[in-house]
Amino acid sequence: MKLLHAVSEFDLTVTKLEYVVEVQSKKSVEVYSTPAPVNRNEYVLSLTTQGLTNYSISDQQYTISKGHVLFFPRYLPRSRVMEESDQWRHIVVVFQLQFGGETDKAALDQLNHVFKNLDQTRIAFLFQELIRAWAGKQPGYLIRCRSRIMDILHLLIVDSKEQKTSHLRMVEMLIGLMEASEETFYSIEELSREIGISSSYLCLIFKKTTGFTAIQYQNRIKIGKAIDLLRSGEYNITEVADRLGFKDIYYFSRLFKKITGTPPSSVMKKI
């Protein structure tokens, strides 16, 4: 089985800049309302310059501190909680984008909402340049602001791509292991030990990369091999199940039908 990956050129342009402002939030709890009417091409960028807060986007929780960048479509539900003694200072940019096509928007919307490992010097410079250009309103300031936003988005895209490349390597390593060990049924714990990450993180990246859980993918590899063996005419159903590590022929038959829609007998080579 091979992984298929959609490629996007991220063809997009900043069309309208709503505002750029540095905010110091003192409220311990804030729930942000979605502006009406909903504009699905409106986005928010934010760089934390001071303090610490717990931020929620679409029920996903994040701990945000200095140097972290938030990025998300403005219509997504979100809230924030922090200690009463804390203060959260951040630069906020709200803008609209125009996309070359639906795949470009879909690719952008799949980026992470939080970026914690960006070049701190570079990202701070771009946000400061952005806020100075917006505040100064000198001739050509909109071009300069749009340029800085595009530079920031490029950094986010590159960072996400590097993370996905790392995830892809790990997932492909595990798939290779599954394919090479046809008699073995690996547990999530065993697979996570093979690449040195936690079981929960493995489940997250495997499902995000392949669209299946690791166990589902492992089963599909086995049933794919079972089809080839049965079609060869060299093995009966019991022999195929035994070769692929199934101890229960009835479980093998049920799994085969669940994945293929037909029983094992239907694909056996007719002599």
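Asker: What exactly am I supposed to notice about the pattern of salt bridges here?
Answerer: In a structure, side chains of opposite charge can pair up when their charged atoms sit close to one another. According to the stated counting rule, one finds 11 salt bridges in the structure shown. Between Lys 16 and Glu 18 there is a salt bridge whose closest N-O contact spans 3.9 Å. Among the residues examined, Glu 18 registers a relative accessible area of 28% and is labelled partly exposed. As a salt-bridge pair, Arg 74 and Glu 42 come within 3.2 Å of each other at their nearest N and O atoms. With Arg 74 in the loop between β6 (69-73) and β7 (78-81) and Glu 42 in strand β3 (residues 42-50), this pair connects stretches of sequence that are 32 residues apart. We classify Glu 42 as buried; its relative accessible area is 6%.

Asker: Is there a simple way to explain the environment of Asn 236 in this structure?
Answerer: Along the polypeptide, Asn 236 turns up in the loop between α6 (214-232) and α7 (237-243). Here Asn 236 falls in the partly exposed class, since its relative accessible area comes to 35%. Taking the C-alpha atoms as reference points, Asn 236 and Met 268, separated by 32 residues in sequence, lie 7.9 Å from one another. A distance of 3.1 Å separates the side chain of Asn 236 from the backbone nitrogen of Thr 238, its partner in a polar contact.

Asker: Even after reading the chapter, I still don't get the sheet that holds β6, so can you show me in this structure?
Answerer: One key point about sheets: their strands pair by backbone hydrogen bonds, in either a parallel or an antiparallel sense. What the 5 strands build is an open sheet, ordered β1-β8-β3-β6-β9; its pairing is antiparallel. Every other strand in the sheet has two partners, leaving β1 (12-25) and β9 (114-115) as the edge strands with one partner each. Examined bridge by bridge, β6 and β9 share 2 bridges and lie antiparallel to one another. Within β9, the position partnered with Leu 70 by the bridge is Val 114. Along the sheet, helix α2 (residues 120-136) contacts β1, β3, β6 and β8 (88-99); its crossing angle with β1, the most-contacted strand, is approximately 95°.

Asker: Is there a simple way to explain the confidence of the model for the protein chain in this structure?
Answerer: Close inspection of predicted coordinates is inappropriate for parts of the model with low pLDDT. On average, residues of the protein chain carry a pLDDT of 90, and 96% of them reach 70 or more. The model gives residues 1-7 a pLDDT under 50, and that stretch makes 13 contacts with residues more than four places away or in other chains.

Asker: In this structure, what is going on with the environment of Met 82? I would like to understand it.
Answerer: By the secondary structure assignment, Met 82 is in the loop between β7 and β8. Given a relative accessible area of 6%, Met 82 falls into the buried group. Apart from the residues within four sequence positions on either side, Met 82 is in contact with Ser 25, Lys 26, Lys 27, Ser 28, Leu 52, Thr 53, Gln 87 and Trp 88.

Asker: Sorry if this is basic, but what is going on with the sheet that holds strand β5 (residues 60-65) here?
Answerer: With antiparallel pairing, the 4 strands of this open sheet are ordered in space as β2-β7-β4-β5. Each having just a single partner strand, β2 (29-32) and β5 make up the two edges of the open sheet. The mean angle between the axes of side-by-side strands here comes to 20°, regardless of whether they run parallel or antiparallel. With 4 bridges joining them, strand β4 (residues 52-57) and β7 adopt antiparallel strand pairing. Following the sheet pairing, Ile 57 is matched in β7 by Arg 78.

Asker: Just checking my understanding: could you explain the side chain of Ser 192 for this structure?
Answerer: Topologically, Ser 192 is positioned in helix α4 (residues 188-195). Assessed through its relative accessible area of 4%, Ser 192 is described here as buried. At 2.8 Å, the side chain of Ser 192 and the backbone oxygen of Glu 189 are in polar contact. Among all residues touching Ser 192, those that are not within four sequence positions of it are Ile 197, Ser 198, Ser 199 and Leu 202.

Asker: Sorry if this is basic, but what is going on with the environment of Leu 97 here?
Answerer: Inspection of the secondary structure puts Leu 97 in strand β8. Measuring from C-alpha to C-alpha, the distance between Leu 97 and Val 14 comes to 4.6 Å, with 83 residues separating the pair along the chain. Those residues within four positions of Leu 97 in sequence are excluded, and the remaining contacts are Leu 12, Thr 13, Val 14, Thr 15, Asn 41, Tyr 43, Leu 108 and Leu 153.

Asker: Can you walk me through the packing of aromatic side chains in this structure?
Answerer: Ring pairs (aromatic) are described by centroid distance and by the angle formed between their planes. Going through the model one piece at a time under the given rule, you end up with 13 aromatic pairs. Linked through ring pairs, Phe 185, Phe 246, Tyr 251, Phe 252 and Phe 256 together constitute an aromatic cluster. Directly above the ring of Tyr 75 sits Arg 40, whose terminal nitrogen or CZ lies 4.3 Å from the centroid. Over the face of the ring belonging to Trp 134 we find Lys 137, whose NZ or CZ atom lies 4.0 Å from the ring centre.

Asker: Explanation requested: a nonpolar patch on the surface in the structure shown.
Answerer: There is a patch of nonpolar side chains on the surface, built from Val 29, Val 31 and Val 81 and spanning about 280 Å² of accessible area. As for its placement among the helices and strands, Val 31 is situated in strand β2. For Val 31, a relative accessible area of 69% corresponds to the exposed category.

Calculation criteria
- Residues numbered from 1 in each chain as written.
- Predicted model: local features only at pLDDT ≥ 70, side-chain atom pairs only at ≥ 80, totals over all residues.
- Heavy atoms only, no water.
- Salt bridge = Lys/Arg side-chain N within 4 Å of Asp/Glu carboxyl O.
- Buried < 20%, exposed > 50% of the residue type's maximum accessible area, 1.4 Å probe, protein only.
- Helix = DSSP H or I, 4+ residues; strand = E, 2+ residues; numbered from the N terminus.
- Polar contact = N/O pair within 3.5 Å; in protein donor to acceptor, adjacent residues only side chain to side chain.
- Pairing = 2+ DSSP bridges.
- Contact = heavy atoms within 4.5 Å.
- Axes fitted to C-alpha atoms, helices over the stretch in contact; angles between N-to-C directions.
- pLDDT = per-residue confidence, 0-100.
- Phe/Tyr/Trp six-rings, centres within 6.5 Å; stacked < 30°, edge-to-face > 60°.
- Lys NZ or Arg CZ within 6 Å of the ring centre and 35° of its normal.
- Patch = residues over 30% accessible without salt bridge, like charges linked within 9 Å, V, L, I, M, F, W, Y side chains within 5 Å.
- Areas by Shrake-Rupley, 256 points an atom, 1.4 Å probe, with all protein chains shown as cover.

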